[in-house]
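Chain and residue survey
Residue strings, one per chain:
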Amino acid sequence: MRPIFGEKRRNVKRAVEFIEESLRFEPNVLVLPELFNTGYAFSSREEAYRLSESLENGETIEALRRTSEDTDICIVAGYCEMDENRLYNSAVVVENGRIIGNYRKIHLFYREKLVFTPGDRGFEVFDVKGVKIGVMICFDWRFPESVRTLSLMRADVICHPTNLVHPYCQTAMLGSAVQNNVYIVTANRVGREREFIFTGRSQIVSPKMEILATSPPDVEEVKVIEADLETARDKRVTAYNHLFEDRRPEFYKILCEG
Ligand code: ACM
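First, a word on scope: everything that follows refers to the structure included in this document.

Conventions used here
- Residues numbered from 1 in each chain as written.
- Predicted model: local features only at pLDDT ≥ 70, side-chain atom pairs only at ≥ 80, totals over all residues.
- Heavy atoms only, no water.
- Helix = DSSP H or I, 4+ residues; strand = E, 2+ residues; numbered from the N terminus.
- Rg over C-alpha atoms; globule rule 2.2 N^0.38 Å.
- Buried < 20%, exposed > 50% of the residue type's maximum accessible area, 1.4 Å probe, protein only.
- Contact = heavy atoms within 4.5 Å.
- Areas by Shrake-Rupley, 256 points an atom, 1.4 Å probe, with all protein chains shown as cover.
- Lys, Arg positive; Asp, Glu negative; His and termini not counted.
- Charge placed at Lys NZ, Arg CZ, Asp CG, Glu CD.
- Phe/Tyr/Trp six-rings, centres within 6.5 Å; stacked < 30°, edge-to-face > 60°.
- Lys NZ or Arg CZ within 6 Å of the ring centre and 35° of its normal.
- Expected span 1.5 Å × (residues − 1).
- Arc of directions from axis to C-beta.
- Pairing = 2+ DSSP bridges.
- Polar contact = N/O pair within 3.5 Å; in protein donor to acceptor, adjacent residues only side chain to side chain.
- Disulfide = S-S within 2.5 Å.
- Axes fitted to C-alpha atoms, helices over the stretch in contact; angles between N-to-C directions.

To continue, consider the overall build of the protein. The helix and strand inventory of the protein stands at six helices and 14 strands. Whereas a compact globule of 258 residues would reach a radius of gyration of roughly 18 Å, the protein reaches 18 Å, a difference of no more than 12%. Across its three principal axes, the protein shows a C-alpha extent of roughly 55 × 45 × 35 Å. Classification of the 258 residues of the protein by burial places 53% in the buried group. Here the contacts in the protein between residues at least 6 apart in sequence split such that 65% fall between residues at least 24 apart. Split by element, the accessible area of the protein, about 12600 Å² in all, is 50% carbon and sulfur. Separation between the mean location of the 35 positive side-chain charges and that of the 40 negative ones in the protein comes to 3 Å.

Right, dumping it as structure tokens:
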């Protein structure tokens, strides 16, 4: 998507158009970018506050709930969440008119630290019609612990709303996918805001490092693929190797030190 900064209603309308456009492919799950409704480059906390909404009463969340009910599509979407005067860079998961999840970005990037409170609830995996959906947001990718944690929690598909400005993530996700035997859906945005030029190239990668879908760096579009969940669930590597059972956590203790 190419959100227009501050034009929430317009951005939500555009997203709903995309979701409706995808209906002919009968998707189960669609992923929208990080902060898809507001845009990214807040000049101050006050500006972000004005564009934020609560999980329970927000007009964006309400529109997404309605759309998920009308279309029978589970939607994962980034938005600016306000809760008790704190702001979070969050992603909501809505299915059939209901909120089934809300993830708050744990690793904040650059000046996001001046606006948002880091996520306080950890990673979670949500069940969507038998599919295990894990959520991380943009810069979370730079910490391999994010994909690892979600994969150990048995996510089949990692939904990854992004506003990427560096060129590394799309290639890196190929490694993350094979290292964790998981699908990763990176839904990026295009366009520019203030000093940021977003890199587009949204993609879906398979546990076998196949790029199942990819988009140009500067074009809005919606793409749908079919995922074989058994591929993600079978963590055997060879007759003698299993991706999770062969782990040696006693030698990884440094990973859990602060
Ligand atoms: C980012 O986390 N939006 C780069």
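Read on for the rest.
Summed over the entire model, instances satisfying the criterion amount to 10 aromatic pairs. Their ring planes at 85° and their centres at 6.3 Å tell us that Tyr-110 and Phe-196 sit as a pair that is edge-to-face. You can see Tyr-110 sitting in the loop between β4 (98–104) and β5 (125–128) and its partner Phe-196 sitting in strand β10 (residues 196–197), a full 86 residues away along the chain. Residue Tyr-110 is classed as partly exposed on the basis of its relative accessible area of 48%. A residue is classified by how much of its surface remains accessible, and Phe-196, at 9% relative accessible area, is buried. Both rings, one in Phe-139 and one in Phe-143, keep their centres 5.4 Å apart while their planes meet at 90°; by these two values the pair is edge-to-face. Using a relative accessible area of 29% as the deciding quantity, one classes Phe-143 as partly exposed. Above the ring of Tyr-88, the side-chain terminus of Arg-104 is found at 3.9 Å from the ring centroid. Across the ring face of Phe-5, the terminal group of Arg-194 is positioned such that the distance to the ring centre comes to 5.3 Å.

Over its 14 residues, helix α1 (residues 8–21) extends 20 Å from the first C-alpha to the last, a length consistent with the 20 Å expected when each residue adds 1.5 Å. For α1, the set of buried residues is Lys-8, Asn-11, Val-12, Ala-15, Val-16, Phe-18 and Ile-19. When α1 is viewed along its axis, its buried side chains cluster within an angular range of 155° and face the same direction. Seen from the open side of α1, the exposed residues pointing more than 90 degrees away from its buried face are Arg-9 and Lys-13. At its buried positions, α1 is contacted by β1 (29–31), α2 (45–51), α3 (59–71) and β2 (74–83).

What follows deals with the pairing of β4. Note: strand β3 (residues 86–95) against β4, six bridges, orientation antiparallel. Across the sheet, the residue bridging to Glu-95 is Arg-98, located in β4. The antiparallel pairing of β3 with β4 creates a hairpin that spans two residues between the two strands, and Asn-96 there sits at a positive phi of about 50°.

Within the secondary structure layout, Thr-71 lies in helix α3. Assessed through its relative accessible area of 11%, Thr-71 is described here as buried. Sequence separation between Thr-71 and Val-185 is 114 residues, and the spatial gap between their C-alpha atoms is 20 Å. Not counting the four nearest positions on each side in its chain, Thr-71 is found in contact with Ile-19 and Leu-23. At 2.6 Å, the side chain of Thr-71 forms a polar contact with the backbone oxygen of Thr-67.

This structure, assessed with the given rule, holds zero disulfides. The thiol of Cys-169 is unpaired, and the distance to the nearest cysteine sulfur, on Cys-138, comes to 6.8 Å. Looking at Cys-169, the relative accessible area reads 1%, which means it is buried.

This paragraph deals with the pairing of β5. Going residue by residue along β5, you find Phe-126 and Val-128 tucked away on one face and Val-125 and Asp-127 left uncovered on the opposite face. Inspection of the sheet shows β5 paired to strand β6 (residues 131–135) by four bridges, in the antiparallel sense. Bridging from a neighbouring strand, Asp-127 pairs with Lys-132 of β6. Linking β5 to β6, which pair antiparallel, is a turn of two residues; within it Lys-129 sits at a positive phi near 50°.

Let us look at the sheet that holds strand β12 (residues 211–214). Overall, mixed pairing links the six strands, which are arranged β5-β6-β7-β8-β11-β12 in an open sheet. The open sheet has two edge strands with one neighbour each: β5 and β12. Adjacent strand axes in the sheet meet at a mean angle of 20°, parallel and antiparallel pairs treated alike. Relative to strand β11 (residues 203–205), strand β8 (residues 183–187) is paired through three bridges, and the arrangement is antiparallel. Paired with Val-185 across the two strands is Ile-204, which belongs to β11.

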